[in-house]
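# Reading the structure
Next come the chains, spelled out residue by residue.
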Amino acid sequence: HQNKINEAEESYHFINNIIWFLSIPVLVFVFLFAKDLILLLSNESYLDSINVLYILTFGAAISALTGNTGLMLQMGKKHKFEFINTILALIINLVLSIILVKTYGIIGVAFSTMSALVIVNLIKIYAIKKFFNIDFLNKDIIKILLFLWI
């Protein structure tokens, strides 16, 4: 039984490292060239949406950095927990959107979506530790975080 847990933990960290390796350059590119991307995909009338792109990209970055948590929960037969977590994300997003759209418009909705992503992914990290005793942070992730910090 312990061998399977060790195998799952190794796979979890290996796949997360691949996700990080592939996602980080794309996310950095989007942050650096957001204006150019908006102009490439549309026209100047959409330049006001650059902050929405930044907020949603940050949410996507958090999702990428937390890795394959949803898949890990599903493979660990925690379908009900994953379902409840998805419903929680929906509720958080919906409630925050309703509250924030009146004051902040589309920025409030983007912030709501990003907040739901962050909260739900943090819950998934906690759940993986609780259910499978697998730590999110390992030496490879710490190295990547240190590299990104520098």
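Figured I'd write up the structure that's included with this text. None of the values given here were measured: they were computed from a predicted structure.

### Topic: the packing of aromatic side chains
Centre distance and the angle of the planes are the two values used to describe a pair of aromatic rings. Considering all chains together, one arrives at four aromatic pairs under this definition. Centre to centre, the rings of phenylalanine 29 and phenylalanine 33 are 4.9 Å apart; their planes meet at 45°, and the pair counts as tilted. Judged by its relative accessible area of 42%, phenylalanine 29 falls in the partly exposed class. With a centroid separation of 5.3 Å and an interplanar angle of 85°, the aromatic rings of phenylalanine 81 and phenylalanine 131 are classed as edge-to-face.

### Observations concerning the packing of helix α2 (residues 34–41) against helix α3 (residues 50–66)
Here α2 crosses α3 at 115°, and the two axes come no closer than 10 Å. Put simply, α2 runs roughly perpendicular to α3. Once α2 is placed against α3, the crossing between them reads as right-handed. On α3, the residues touching Ala34, Lys35 and Ile38 of α2 are Ile50, Leu53 and Tyr54. A per-class count over the contact of α2 with α3 returns five nonpolar, no polar and one charged.

### Notes on the nonpolar core
Nonpolar side chains in soluble globular proteins generally cluster together in the buried interior. The biggest cluster of nonpolar side chains holds eleven residues, and these are Tyr12, Trp20, Ile24, Met72, Leu73, Ile125, Ala127, Ile128, Phe132, Ile134 and Phe136. Contributions of two or more residues to this core are made by α1 (2–32), α4 (69–75) and α6 (106–132). The greatest single-element share of this core, amounting to four residues, is contributed by α6.

### Regarding a nonpolar patch on the surface
A cluster of nonpolar side chains, contributed by Phe83, Ile84, Ile87, Leu90, Ile91, Val95 and Ile99, occupies part of the molecular surface with about 660 Å² of accessible area. Turning to its location among the elements, isoleucine 99 is positioned in helix α5 (residues 79–104).

### A closer look at the packing of α5 against α6
Their axes nearest at 7 Å, the elements α5 and α6 cross at an angle of 155°. Compared by their axis directions, α5 and α6 come out roughly antiparallel. Considering only the axes of α5 and α6, their crossing is right-handed. Class assignment for the residues of the contact of α5 with α6 results in 18 nonpolar, seven polar and two charged.

### Details of unusual backbone geometry
The phi dihedral of lysine 77 is positive, around 60°, even though this residue is not glycine. On the secondary structure map, lysine 77 appears in the loop between α4 and α5. For asparagine 133, which is not glycine, the phi dihedral falls at a positive 55°. Topologically, asparagine 133 is positioned in the loop between α6 and α7 (139–149). With relative accessibility at 51%, the residue asparagine 133 sits in the exposed group.

### Some points on α5
Over its 26 residues, α5 extends 35 Å from the first C-alpha to the last, a length consistent with the 38 Å expected when each residue adds 1.5 Å. Taking the largest bend as the criterion, α5 deviates by roughly 30°, centred on isoleucine 98. Considered for burial, the residues of α5 that qualify are Glu82, Asn85, Ile92, Ser97 and Leu100. Contact partners of the buried residues in α5: α4 and α6. Count one or two residues on from α5 and you reach glycine 105, which has phi positive near 65°.

Cut-offs used in this document
- Residues numbered from 1 in each chain as written.
- Predicted model: local features only at pLDDT ≥ 70, side-chain atom pairs only at ≥ 80, totals over all residues.
- Heavy atoms only, no water.
- Phe/Tyr/Trp six-rings, centres within 6.5 Å; stacked < 30°, edge-to-face > 60°.
- Buried < 20%, exposed > 50% of the residue type's maximum accessible area, 1.4 Å probe, protein only.
- Axes fitted to C-alpha atoms, helices over the stretch in contact; angles between N-to-C directions.
- Helix = DSSP H or I, 4+ residues; strand = E, 2+ residues; numbered from the N terminus.
- Parallel < 35°, antiparallel > 145°, perpendicular 65-115°, else oblique.
- Left-handed = near helix turned anticlockwise from the far one by under 90°.
- Contact = heavy atoms within 4.5 Å.
- Nonpolar A, V, L, I, M, F, W, Y, C, P; charged D, E, K, R; others polar.
- Core = buried A, V, L, I, M, F, W, Y, C linked by side-chain atoms within 4.5 Å.
- Patch = residues over 30% accessible without salt bridge, like charges linked within 9 Å, V, L, I, M, F, W, Y side chains within 5 Å.
- Areas by Shrake-Rupley, 256 points an atom, 1.4 Å probe, with all protein chains shown as cover.
- Salt bridge = Lys/Arg side-chain N within 4 Å of Asp/Glu carboxyl O.
- Expected span 1.5 Å × (residues − 1).
- Bend = angle between axes of the 7 residues up to and from the residue.

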